[in-house]
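# Geometric and topological summary
As a plain string of letters, each chain reads:
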Amino acid sequence: MSCYEIEALRLGLMNVLGVGDDSTRDHAENELEGHLEGPIEGLANAESLAEVERHLDAALVDLEEEVAAMDSDDPEYDYTRGRLVAVRDAERAVQRLSAQGEHIVDGLGDAHDTLHETFPVED
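Residues numbered from 1 in each chain as written. Predicted model: local features only at pLDDT ≥ 70, side-chain atom pairs only at ≥ 80, totals over all residues. Heavy atoms only, no water.

## Quick word on the overall build of the protein
Of regular secondary structure, the protein possesses 5 helices and 0 strands. The linear arrangement of helices and strands in the protein, starting from the amino end, is α-α-α-α-α. The C-alpha radius of gyration computed for the protein amounts to 19 Å, which surpasses the reference 14 Å derived for 123 residues by more than 25%, pointing to a less compact arrangement than a globule. The principal-axis extent of the C-alpha atoms belonging to the protein is close to 75 × 30 × 20 Å. Split into buried and exposed, the 123 residues of the protein put 28% on the buried side. Within the protein, residue pairs in contact and separated by at least 24 positions form 63% of the contacts whose partners lie at least 6 positions apart. Surface accessibility of the protein: about 8,100 Å² in total, with carbon and sulfur atoms responsible for 49%. (Helix = DSSP H or I, 4+ residues; strand = E, 2+ residues; numbered from the N terminus. Rg over C-alpha atoms; globule rule 2.2 N^0.38 Å. Buried < 20%, exposed > 50% of the residue type's maximum accessible area, 1.4 Å probe, protein only. Contact = heavy atoms within 4.5 Å. Areas by Shrake-Rupley, 256 points an atom, 1.4 Å probe, with all protein chains shown as cover.)

## Thoughts on the nonpolar core
Leu9 and Val52 are the most contacted members of the largest nonpolar core, which totals 23 residues. Top element by residues in this core is helix H4 (residues 49–69). It accounts for 6 residues. Sequence-distant contacts of leucine 9, that is, excluding residues within four places in its chain, are made with Leu43, Val52, Leu56, Ala90 and Val94. (Core = buried A, V, L, I, M, F, W, Y, C linked by side-chain atoms within 4.5 Å.)

## Here's the deal with the side chain of histidine 55
One can find histidine 55 in helix H4. Leave out the neighbours within four places in its chain, and histidine 55 touches Pro39, Gly42 and Leu43.

## Looking at the environment of alanine 8
Within the secondary structure layout, alanine 8 lies in helix H1 (residues 4–17). Sequence-wise, alanine 8 and alanine 86 are 78 residues apart; in three dimensions their C-alpha atoms are separated by 13 Å. Aside from chain neighbours lying at most four places away, what touches alanine 8 is Leu32, Ile40, Leu43 and Ala44.

## A short note on the environment of glutamate 53
Following the sequence through the fold, glutamate 53 ends up in helix H4. Taking the relative accessible area as the measure of exposure, glutamate 53 reaches 29% and is therefore partly exposed. Residues glutamate 53 and glutamate 91, 38 residues apart in the sequence, show an inter-C-alpha distance of 7.4 Å. In contact with glutamate 53, other than residues within four places in its own chain, are Val94, Gln95 and Ser98.

See the structure below:
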């Protein structure tokens, strides 16, 4: 059993943030072998936080549908529900990351304005 959504998210965030090493990337790609399609593929190949959020949302919808279609006595039911909880948690983490990024951008704008107010430049 594998958590394709989480491995794809790791790859997407490594792309966006420019972090990670070859062994981490190789491990995630091996986990996803044969499953790179639809939202999982989009998530693994994301190049922006907006893409990560969009593909993660689509992967979450697919996973919710998978859980809803399963019988509760299926041996994989509990694991799949656990994946759903983990992916929802990851979605909140990505939303926090995006909000923090926006906050940093806003703060830099404020710092820029403060510099110009403190040290006016004549045109």
